[in-house]
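Topology and contacts: notes
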Amino acid sequence: MSEARLRTYKNKGKDLSEMRHRRSEVTVELRKNRKDEQLLKRRNIPVGDDEMQMLPALGLDASLETLVQKAQSTNADVQFAAVQTARKMLSKDKNPPIDELIQSGIVPVLVACLQSDSPLLQFETAWALTNIASGNSQQTKAVVKYGAVPLLIQLLSSSHTHVCEQAVWALANITGDGPECRDYVIAQGIIPPLLRFVNTDTPLAFLRNVAWTLSNLCRNKNPPPPFQSVCQTLPALVELVQHDDLAVKVDACWALSFLADGKDRQIQVVVDSGVIPKLVPLLVCKENRIVLPALRTLGNIVTGNDAQTQAVLDGGILPHLGSLMEHFRPGIVREAVWTLSNIVAGNTHQVQMVIDADLVPPTIHALAQGDFRTQKEAAWAVSNFTVGGTPEQVSYLITQGALPAMCNLLDCKDTTTIQVILDGLANILKMAGPDAEYIATAIEEAGGLDKIEKLQQHKNEDIYKLAYSIIDKYFTSEEDDAAVVPPAGPQAFQFGTTNVPEGGFQF
């Protein structure tokens, strides 16, 4: 069995820190940099009929060629009119001719115009380049290719606010294209001048663009941005996450979630910023747009070590997780269950905090009745619980109906989920010791034995070996079963209820 394959499902032989990090890799679909908001934005102004008559006839190369020539004119008025015309063409609501203009050769001309002494020309030029960079990756890279980025960063020092704002907008589009452009923009020195705009004097619309740019600078993890560079943004992000404007807070939260998506050392920097107490109250916000990134950030922090997880617990997340696990949006429920699964991968004190917060019942409910993606996360939560919990804590998990819910997923199509469930059942049976017969009976009554027997024929080698091991160690012949099954009657043990054998399980 390959080491990479082993890491995808095994908790055995690993400490809880390793388990939690491996867990975060398995749930990459939850933690990846999902495009929950538009990454690349075009600045559009409706073009009226009179203005349309000023535009060159699209598709006529001669018209575009003339436009490019005029954009290079030494006559300032002619040059400005040509650049403005190109900007208006790129500001069409539908099907702007980005490719046609790139092919006309106007991009290097526009880049040269950024060096003009005219703030009006700089503004129109930056606007045109913003809209070109709002296109596909090839179109965005055309702007980068001709040297726009260093010049746009220089414009961040302009004394004209509208020029600065448009330059930020263009840089945000370029940064949002992907890791290559993002890292190039960072290397060109965008962060220090950008952070200067995080102040109370910056107009709200401008500040929204700044927050959005910061989010794009922290986005993407294949590869992630250079952390030593982007961690400079943390004080500003902590400030922005407390802003009154929802859009500003949302982008700041997404940026924080990206920064917290890493190893313990990186997570610790986020924890040390003091942002946790600012994020927890956002979990009760009525706007789902802010709940999701706030929860994602806290969820990423609890993928760290026990001390980092405890910082989130001390911040008061647990009272909110219960309501989030009953949220009407499945994505938020799934995120909450995923967060819980990493908390119970911690120490026994943290597992007990989850129990005391009455979060086990909704976890079992998610395992039994959630959508399948939520069930997968709940399966991890229960399995991690069986590793990190004490015998008494695992006994409580059983009384809340974990076994039937676990057995119900043994015939699902997802091999990782089957492995997680089998691992959890094996952990419970092993921990049960002399009570293993009771556990085996409950598994059989829940239909688990038949499913485990079938899994011995599974095409996945890991699954059939684990299924065979469970059958071999804990399930005897039918004749032996008859001798050990507790007699039916009022005092018989009923798994899935709060009844336990007299004196409780002695795991």
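The rules behind these values
Residues numbered from 1 in each chain as written. Predicted model: local features only at pLDDT ≥ 70, side-chain atom pairs only at ≥ 80, totals over all residues. Heavy atoms only, no water. Helix = DSSP H or I, 4+ residues; strand = E, 2+ residues; numbered from the N terminus. Contact = heavy atoms within 4.5 Å. Areas by Shrake-Rupley, 256 points an atom, 1.4 Å probe, with all protein chains shown as cover. Core = buried A, V, L, I, M, F, W, Y, C linked by side-chain atoms within 4.5 Å. Buried < 20%, exposed > 50% of the residue type's maximum accessible area, 1.4 Å probe, protein only. pLDDT = per-residue confidence, 0-100. Phe/Tyr/Trp six-rings, centres within 6.5 Å; stacked < 30°, edge-to-face > 60°. Lys NZ or Arg CZ within 6 Å of the ring centre and 35° of its normal. Salt bridge = Lys/Arg side-chain N within 4 Å of Asp/Glu carboxyl O. Expected span 1.5 Å × (residues − 1). Patch = residues over 30% accessible without salt bridge, like charges linked within 9 Å, V, L, I, M, F, W, Y side chains within 5 Å. Lys, Arg positive; Asp, Glu negative; His and termini not counted. Charge placed at Lys NZ, Arg CZ, Asp CG, Glu CD. Arc of directions from axis to C-beta.

All right, on to the overall build of the protein chain then. Across its full length, the protein chain carries 34 helices and zero strands. Taking the contacts inside the protein chain whose residues are at least 6 apart along the sequence as the reference set, 73% of them involve residues at least 24 apart. Within the structure as shown, the protein chain displays about 21800 Å² of accessible surface, and the carbon and sulfur contribution to it stands at 50%.

Here the focus is the nonpolar core. Residues Leu152 and Leu321 are the most contacted members of the largest nonpolar core, which totals 154 residues. Once residues lying within four places of it in the same chain are set aside, the contact partners of Leu321 are Leu295, Ala336, Leu340, Ile343 and Leu359.

This paragraph deals with the confidence of the model for the protein chain. Any residue range with low pLDDT should be treated as having predicted coordinates unsuitable for detailed reading. Confidence along the protein chain averages 86 in pLDDT terms, with 81% of residues attaining 70 or more. In the model, residues 1-14 has pLDDT below 50 throughout and makes 31 contacts with residues more than four positions away in sequence or in other chains. Low pLDDT (under 50) marks residues 46-60, which in the prediction has 16 contacts with non-local residues, meaning those over four places away or in another chain.

Attention shifts here to the packing of aromatic side chains. According to the stated counting rule, one finds three aromatic pairs in the structure shown. Between Phe197 and Phe206 the ring centres are 4.8 Å apart and the planes differ by 45 degrees, which places this aromatic pair in the tilted class. For the pair Phe197 and Phe206, one class covers both residues: buried. If you follow Arg87 out to its NZ or CZ, it ends over the ring of Trp127, 3.9 Å from the centre.

Attention now goes to the pattern of salt bridges. This model, assessed by the stated rule, comprises 10 salt bridges. Linking Arg87 and Glu124 is a salt bridge whose minimum nitrogen-to-oxygen distance equals 2.7 Å. With Arg87 in helix α6 (residues 76-90) and Glu124 in helix α9 (residues 119-133), this pair connects stretches of sequence that are 37 residues apart. Like Arg87, the residue Glu124 is buried in the burial classification.

With that settled, consider helix α24 (residues 330-343). Between the first and last C-alpha of α24 there are 20 Å, a value that for 14 residues agrees with the 20 Å anticipated at 1.5 Å per step. Most of α24 is tucked away, with 12 of its 14 residues classed as buried. Within α24 the residues assigned to the buried category are Ile332, Val333, Arg334, Glu335, Ala336, Val337, Trp338, Thr339, Leu340, Ser341, Asn342 and Ile343.

Moving on, we come to a negative patch on the surface. A cluster of acidic residues, Glu444, Glu445, Asp450 and Glu453, forms a negative patch at the surface. Counting only elements with at least two residues in the negative patch, the list comes to α31 (436-445) and α32 (448-455). On the secondary structure map, Glu444 appears in helix α31.

Listing the buried residues of helix α13 (residues 179-187) in full gives Cys181, Arg182, Val185 and Ile186. Buried residues along α13 cover an arc of 135 degrees about the axis, so they all sit on one side. Projecting away from the buried face of α13 at angles above 90 degrees are the exposed residues Glu180 and Ala187. The elements touched by buried residues of α13 are α10 (137-145), α11 (148-155), α12 (161-175), α14 (191-195), α15 (204-218) and α16 (227-230). Backbone geometry just after α13 places Gly189 at a positive phi near 95 degrees.

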